[in-house]
Amino acid sequence: MTRIYISQKPPHLLDLDAGIATAKAEIEAAAAQGAILVVFPETWLGGYPAWVFGLAGWNDPEARHWFQKLVAASATVPGPHVQALCDAARDNGVCVVIGLNERARPSAALLYNSALTIDADGSIVSVHRKLTPTHTERLVWTPGDADGLRVNETAAGRVGAMVCWEHFHPIIRQALHAEDEQIHVALWPDMPSAHQLASRHYAFEGRCFVASAATYLPVEAVPPDLRAAYEKGTGGDASFPGGSGVIGPDGEHLVGPVFGDAPVICDLDLAQTIAFKHDLDVTGHYSRSDILHWGVDRPGTRYGEQGRPDYRSK
């Protein structure tokens, strides 16, 4: 059995050091309960910039103010804050998948909405950058490349991750299905019914387990000076209710959705990811590769970026 732990501790908005401290505490708590995979929601490290949906006007000084704050509270990969997470993963013998605002370089204003995967030995095995920011998210994040659009062999099994509305794109889903994913980490800012449906559909389609992670953020956890901007972006309610859960290869919830700050803990029998492909295998007997063709272009760096070190194992 493979035990996973989804954290629903509130993020520390725009406070990178506090976020790392809470993440380390959650990694230790998960390991103490026997977990081998620890998951945090979309942009949990640094916080989700919900304000962007209400501050999309041209030449908005308030939007510029919060963007600058967000950049300053964003981690580079690799970098000292990420290294602290790697050390915690290694010291506790667990794999970690965490959503973060990733800063391209220490001096850059270029941000990605990323999912970082760390193996139980503390090595970084993947950084998946959300391919297409949604709607006014484009005012904050740059489109990612496909370097991290892959499934990784980890101590917890074959793990892949996608961010938010990537789950509504058929070919993005297929790219991970094709690599025999056992555990899929679906990172969300919140968990309305559409996100629950997408997570369940992904599990059924891919015949894999889905750890669906959503943010719990009570109003009191939003800094007072940021609350009004958050309310503009969320339609008057600055909070997020959580709603994380674990879904089996049949598309049914094993645990959750769980609302509030309680963690989600679940044991997985990874052999079921094979058993359920008896009747549906979208990259096997159901694929019709003789008439349907697709591919993934992994071109490397974009947008004048100086590039990332090769963090994957040699």
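Note that this is a predicted model, so its numbers are computed, not measured.

Rules behind the numbers
Residues numbered from 1 in each chain as written. Predicted model: local features only at pLDDT ≥ 70, side-chain atom pairs only at ≥ 80, totals over all residues. Heavy atoms only, no water. pLDDT = per-residue confidence, 0-100. Contact = heavy atoms within 4.5 Å. Core = buried A, V, L, I, M, F, W, Y, C linked by side-chain atoms within 4.5 Å. Buried < 20%, exposed > 50% of the residue type's maximum accessible area, 1.4 Å probe, protein only. Pairing = 2+ DSSP bridges. Helix = DSSP H or I, 4+ residues; strand = E, 2+ residues; numbered from the N terminus. Polar contact = N/O pair within 3.5 Å; in protein donor to acceptor, adjacent residues only side chain to side chain. Salt bridge = Lys/Arg side-chain N within 4 Å of Asp/Glu carboxyl O. Axes fitted to C-alpha atoms, helices over the stretch in contact; angles between N-to-C directions. Expected span 1.5 Å × (residues − 1). Arc of directions from axis to C-beta. Phe/Tyr/Trp six-rings, centres within 6.5 Å; stacked < 30°, edge-to-face > 60°. Lys NZ or Arg CZ within 6 Å of the ring centre and 35° of its normal. Patch = residues over 30% accessible without salt bridge, like charges linked within 9 Å, V, L, I, M, F, W, Y side chains within 5 Å. Areas by Shrake-Rupley, 256 points an atom, 1.4 Å probe, with all protein chains shown as cover.

Chain-level statistics for the protein give a pLDDT mean of 92 and a share of 95% at 70 or above. Low confidence marks residues 301-307, where pLDDT is under 50. Its contacts with residues over four positions away, or in another chain, come to 12 contacts.

The subject of this paragraph is the nonpolar core. Formed by 44 residues in total, the largest nonpolar core has its most connected members in L37, V39 and L268. Among all residues touching L37, those that are not within four sequence positions of it are R3, I4, Y5, C95, V96, V97, A156 and I183. In terms of nonpolar packing, the next biggest core, distinct from the first, is built from 26 residues, Y5, A30, V38 and L45 among them.

Pairing of strand β11 (residues 240-247) with strand β12 (residues 253-259), which is carried by 4 bridges, proceeds in the antiparallel orientation. Bridge pairing in β12 places I247 opposite H253. Linking β11 back to β12 in an antiparallel pair, the connection comprises 5 residues, with G251 at a positive phi of about 85°.

Now for the side chain of S212. Inspection of the secondary structure puts S212 in strand β9 (residues 209-213). The exposure class assigned to S212 is buried, which follows from its relative accessible area of 3%. There is a polar contact of 3.3 Å between the side chain of S212 and the side chain of W188. At a separation of 3.0 Å, a polar atom in the side chain of S212 contacts the side chain of S199. What S212 contacts, discounting residues up to four positions off in sequence, is I6, A186, W188, M191, S199, S244 and G245.

With that out of the way, let us pick up the pattern of salt bridges. What the rule picks out here adds up to 13 salt bridges. The closest approach of N and O atoms between E153 and R158, which form a salt bridge, is 2.9 Å. Look at E153 and you get exposed, because its relative accessible area is 53%. Residue classification places R158 among the partly exposed residues on the basis of a relative accessible area of 22%. Residue R288 is joined to D290 by a salt bridge in which the shortest nitrogen-to-oxygen separation is 2.8 Å.

Quick look at the sheet that holds strand β1 (residues 2-6) now. Read across the open sheet, the 6 strands follow the order β5-β4-β3-β2-β1-β13; overall the sheet is mixed. The open sheet terminates on both sides in strands that have one partner only, identified here as β5 (124-129) and β13 (264-268). Across the sheet, the mean angle from the axis of one strand to that of its neighbour is 25°, orientation sign disregarded. Sheet topology note: the strand β4 (residues 111-118)/β5 ladder contains 5 bridges and is antiparallel. If you follow L116 over to β5, its bridge partner there is V127. Of the strands in this sheet, β3 (95-103), β4 and β5 are in contact with helix α3 (residues 80-92), which crosses β4 at around 20°.

Turning to helix α1 (residues 16-32), a few remarks are in order. For α1, spanning 17 residues, the distance from its first C-alpha to its last is 24 Å, which sits close to the expected 24 Å at 1.5 Å a residue. Among the residues making up α1, those that are buried are L16, G19, I20, T22, A23, E26, I27 and A30. Down the axis, α1 shows its buried residues gathered within 165° of arc, on one side only. With respect to the buried face of α1, the exposed residues turned more than 90 degrees away are D17 and A32. Residues of α1 that are buried make contact with β1, β2 (37-39), α3 and β3. Two to three positions downstream of the cap, the backbone nitrogen of D17 sits 3.5 Å from a side-chain oxygen, assigning the N-cap of α1 to D15. Just beyond α1, the residue with positive phi is G34, at close to 85°.

It is worth spelling out the side chain of E102 at this point. Along the chain, the position of E102 falls in strand β3. A distance of 2.9 Å separates polar atoms of two side chains, one belonging to E102 and the other to R129.

Turning our eyes to something else, we now look at the packing of aromatic side chains. Counted by the stated rule, this structure contains 5 aromatic pairs. Taking the centre distance of 4.9 Å and the plane angle of 45° together, the rings of F40 and W44 count as tilted. The two residues F40 and W44 agree in class, both being buried. Each member of the aromatic cluster is reached from another via a ring pair, and the members are Y48, W141 and F240. Over the face of the ring belonging to Y112 we find R129, whose NZ or CZ atom lies 3.8 Å from the ring centre. Across the ring face of F204, the terminal group of R207 is positioned such that the distance to the ring centre comes to 4.2 Å.

Once that is clear, we can look at a nonpolar patch on the surface. Taken together, the side chains of I171, W294 and V296 present a nonpolar region at the surface, about 250 Å² in accessible area. By secondary structure assignment, the location of I171 is in helix α4 (residues 170-177).

Attention shifts here to unusual backbone geometry. In this structure, P78 follows V77 across a cis peptide bond, with omega equal to -5°. Secondary-structure assignment places P78 in the loop between α2 (61-72) and α3. At the junction of G256 and P257, the peptide bond is cis and its omega measures out at 0° in the coordinates. Locating P257 in the fold gives a position in strand β12. Phi at H135 is positive, roughly 55°, even though this residue is not glycine. In this structure H135 comes out as exposed when scored by relative accessible area, which is 55%. Even without a glycine there, the phi angle at R207 is positive, about 50°. Secondary-structure assignment places R207 in the loop between α5 (193-206) and β9.

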